[in-house]
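Observations on the model geometry
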Amino acid sequence: RQGFVEYFFDKENGFSDKHKLENYTWKVDARFSGLGSIHIMPAGNLNTTINEDDYFKSDLNHYIEGLSRIDFTNEKYIIKKFKDILEDLNDSLKPDIILIDSRTGFSDMLGIAAFKLSKMVLGFFRNDAQSLPGLHFFIENLIENEKLEPCLINSILPESLSLKKQLFKSFEDDV
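The sections below set out a description of the structure shown in this document. This structure is a prediction, so every number in the text was calculated from the model and none was measured. In this numbering scheme, every chain counts its residues from 1 along its sequence in written order. Totals for whole chains, interfaces and linings use all residues, but because this is a predicted model, local features are given only for residues with pLDDT of at least 70 and pairs of side-chain atoms are given and counted only at 80 or more. Side-chain numbers come from the whole structure's heavy atoms, not from hydrogens or water.

**Examining helix 6 (residues 132–144)**
For an α-helix, the turn length of 3.6 residues means that residues three or four places apart are oriented alike. What counts here: Secondary structure elements follow DSSP: runs of H or I of four or more residues count as helices, runs of E of two or more count as strands, with numbering from the N terminus. By this rule, a helix spans an expected 1.5 Å times one less than how many residues it contains. Accessible area is worked out with a 1.4 Å probe on protein chains only. A residue is then buried under 20% of its type maximum, exposed over 50%, and partly exposed in between. Each direction from the helix axis to a C-beta atom contributes to the arc, which is the arc of those directions.
Taking 1.5 Å per residue as the helical rise, helix 6 with its 13 residues ought to reach 18 Å, and the 18 Å between its terminal C-alpha atoms agrees with that figure. Of all the residues in helix 6, the buried ones are Gly-134, Leu-135, Phe-138, Ile-139 and Leu-142. For helix 6, the angular spread of the buried residues around the axis is 135°, confining them to a single face. Along helix 6, exposed side chains directed more than 90 degrees from the buried face belong to Ile-143 and Glu-144.

Next comes the structure, spelled out in structure tokens:
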């Protein structure tokens, strides 16, 4: 299935017959979603199978072409495009909630998706030296944007309850 990047590219380039959201999202089986429904829009399709009838020849080529044309340096442009896609998702699927899994680290996507378009931000962090700079960056951005409701999650904890408590206390101290 195609995903976010292809939808962004197709919509931007006027491929109107292609930008029906069902072509870019997966509906999760009811045995996993219960009485509700869950739709997933992946980042994109990296399938390398060649299709001679397709302009792009493969899903991977379509994804790479789309990704290369998204200008992440123009914040106003990218925010407007993200809002347009969120509006399309709202109009088509009428979700109760939209979750955006933005990349970890200090990427432009994190800043745009998490801090410019969201009402609530969930930050998943481990309690280790590798995660601390990202945790501090995350908290500094939350302080600057008081409209966001934060939720910090200490992830990847060990099985041992005593070690879990120790790591949580250390995480709490860092926060």
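From this point, the narrative continues.
**Side note on the layout of surface pockets**
Rule in force here: For each structure, a 1 Å grid was placed over the protein atoms alone; sets of points admitting a 1.4 Å probe that cannot get out are labelled cavities, open sets with protein on both sides within 12 Å along at least five of seven lines are labelled pockets, and lining residues have an atom within 4 Å of a point. Grid points are joined across faces, edges and corners, and a volume is the space filled by probe spheres set on the points.
In this structure, the second largest pocket spans a volume of roughly 1,000 Å³. In terms of lining residues, the second largest pocket is bounded by 29 residues, among which Met-41, Ile-98, Leu-99, Ile-100 and Asp-101 are the most central. At the level of elements, helix 1 (4–12), strand 2 (39–40), helix 3 (59–69) and helix 4 (75–93) are the ones that each hand at least two residues to the lining of the second largest pocket. Looking at which element gives the most residues to the lining of the second largest pocket, the answer is helix 4, with five residues.

**A few points about the environment of Asn-127**
As a reminder, the rule being used: The criterion used for residue contact is that any of the two residues' heavy atoms lie within 4.5 Å.
Inspection of the secondary structure assignment puts Asn-127 in the loop between strand 3 (120–125) and helix 6. For the pair Asn-127 and Asp-59, spaced 68 residues apart in sequence, the C-alpha to C-alpha distance is 38 Å. Excluding residues within four positions of it along the chain, Asn-127 makes contact with Asn-154, Leu-167, Ser-170, Phe-171 and Asp-174.

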